[in-house]
Structure formats: structure tokens, C-alpha cells
Amino acid sequence: AQAVNITELTLQQLELLKGQLDQMYVPGRLQDVGHVLIDVGTGYYVEKSAGDAKDFFKRKIDFLTKQMEKIQPALQEKHTMKQAVMEMMSQKIQQLTALGATQAGTAKA
């Protein structure tokens, strides 16, 4: 998922985004609040007690948090490298622009 700065969206874009968010929610009622179905991936569901489901999701959150902590330094390094590349590109563009202006001035003389 990509982060979106909603302050920069037009009213029409905000309406579309709201519509997309509304499509994710489906009203419903649980008949049996003691047992739930859990999506364990690739289309497989497992029936668990509410307590076991809480434990499952706590373990999943812990796992994902650890994975995020592992990749955070690599992401930061890539971001820093991207910034350096963008800065170097900007400097080179400025050099080429200045060189072109100098050559144009020399050709007129």
C-alpha cells in the first residue's frame, strides 16, 4: 500500500477514496461469539475459539513487527541512497544546463 496525503486530493478524488474504503466493510452478526473463522492464507480458513484467535493474532502481530524491524534499516539505507542519487542527478542537470547556456553564449559571439 502506498501512503496518500489526503490534504492534496481533490474533492472528486476524496469521494472515490471514500467509496473504495466503504466497499471493504460488510455488515454482519456473529451467531456463535465463542468461535470464529480465521483466514490463515491462500484461501484456507481455520475455526478457532475466541481466545485461541486472540493468541493467533497476537503471535502474528509479533511476527510482523519483528519482520518490520528487520527490514527497517534496509529501507532507510535505500531511501538515503535514493536521496543521494536524486541530488546527484539534480547537480548534473544544473551542470548540463549551465554548460548549454555557456555554449549558446559562445556560439552567438
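Residues numbered from 1 in each chain as written. Predicted model: local features only at pLDDT ≥ 70, side-chain atom pairs only at ≥ 80, totals over all residues. Heavy atoms only, no water.

Asker: Got a minute to help me understand the overall build of the chain in this structure?
Answerer: Tallying secondary structure elements over the chain gives 2 helices and 2 strands in all. Reading the helices (α) and strands (β) of the chain from amino to carboxyl end gives α-β-β-α. The C-alpha radius of gyration of the chain comes to 26 Å, more than 25% above the 13 Å expected for a compact globule of 109 residues. Across its three principal axes, the chain shows a C-alpha extent of roughly 90 × 40 × 25 Å. Evaluated residue by residue, the chain yields a buried proportion of 3% over its 109 residues. Here the chain has roughly 10400 Å² of accessible surface; of this, 61% comes from carbon and sulfur atoms. Positive and negative side-chain charges of the chain, numbering 13 and 12 respectively, have mean locations separated by a distance of 6 Å. (Helix = DSSP H or I, 4+ residues; strand = E, 2+ residues; numbered from the N terminus. Rg over C-alpha atoms; globule rule 2.2 N^0.38 Å. Buried < 20%, exposed > 50% of the residue type's maximum accessible area, 1.4 Å probe, protein only. Areas by Shrake-Rupley, 256 points an atom, 1.4 Å probe, with all protein chains shown as cover. Lys, Arg positive; Asp, Glu negative; His and termini not counted. Charge placed at Lys NZ, Arg CZ, Asp CG, Glu CD.)

Asker: Explain the pattern of salt bridges here, please?
Answerer: A side chain of one charge can pair with a side chain of the opposite charge if their charged atoms are brought near each other. According to the stated counting rule, one finds 2 salt bridges in the structure shown. As a salt-bridge pair, Asp-22 and Lys-18 come within 2.8 Å of each other at their nearest N and O atoms. One end of the pair, Asp-22, and the other, Lys-18, are both in helix α1 (residues 11–22), 4 residues apart, so they sit about a helical turn from each other. The salt bridge partner of Asp-62 is Lys-58, with a shortest N-O separation of 3.1 Å. Placement of both Asp-62 and Lys-58 in helix α2 (residues 50–108) is noted, with a separation of 4 residues, approximately one turn of the helix. For Asp-62, a relative accessible area of 34% puts it in the partly exposed group. (Salt bridge = Lys/Arg side-chain N within 4 Å of Asp/Glu carboxyl O.)

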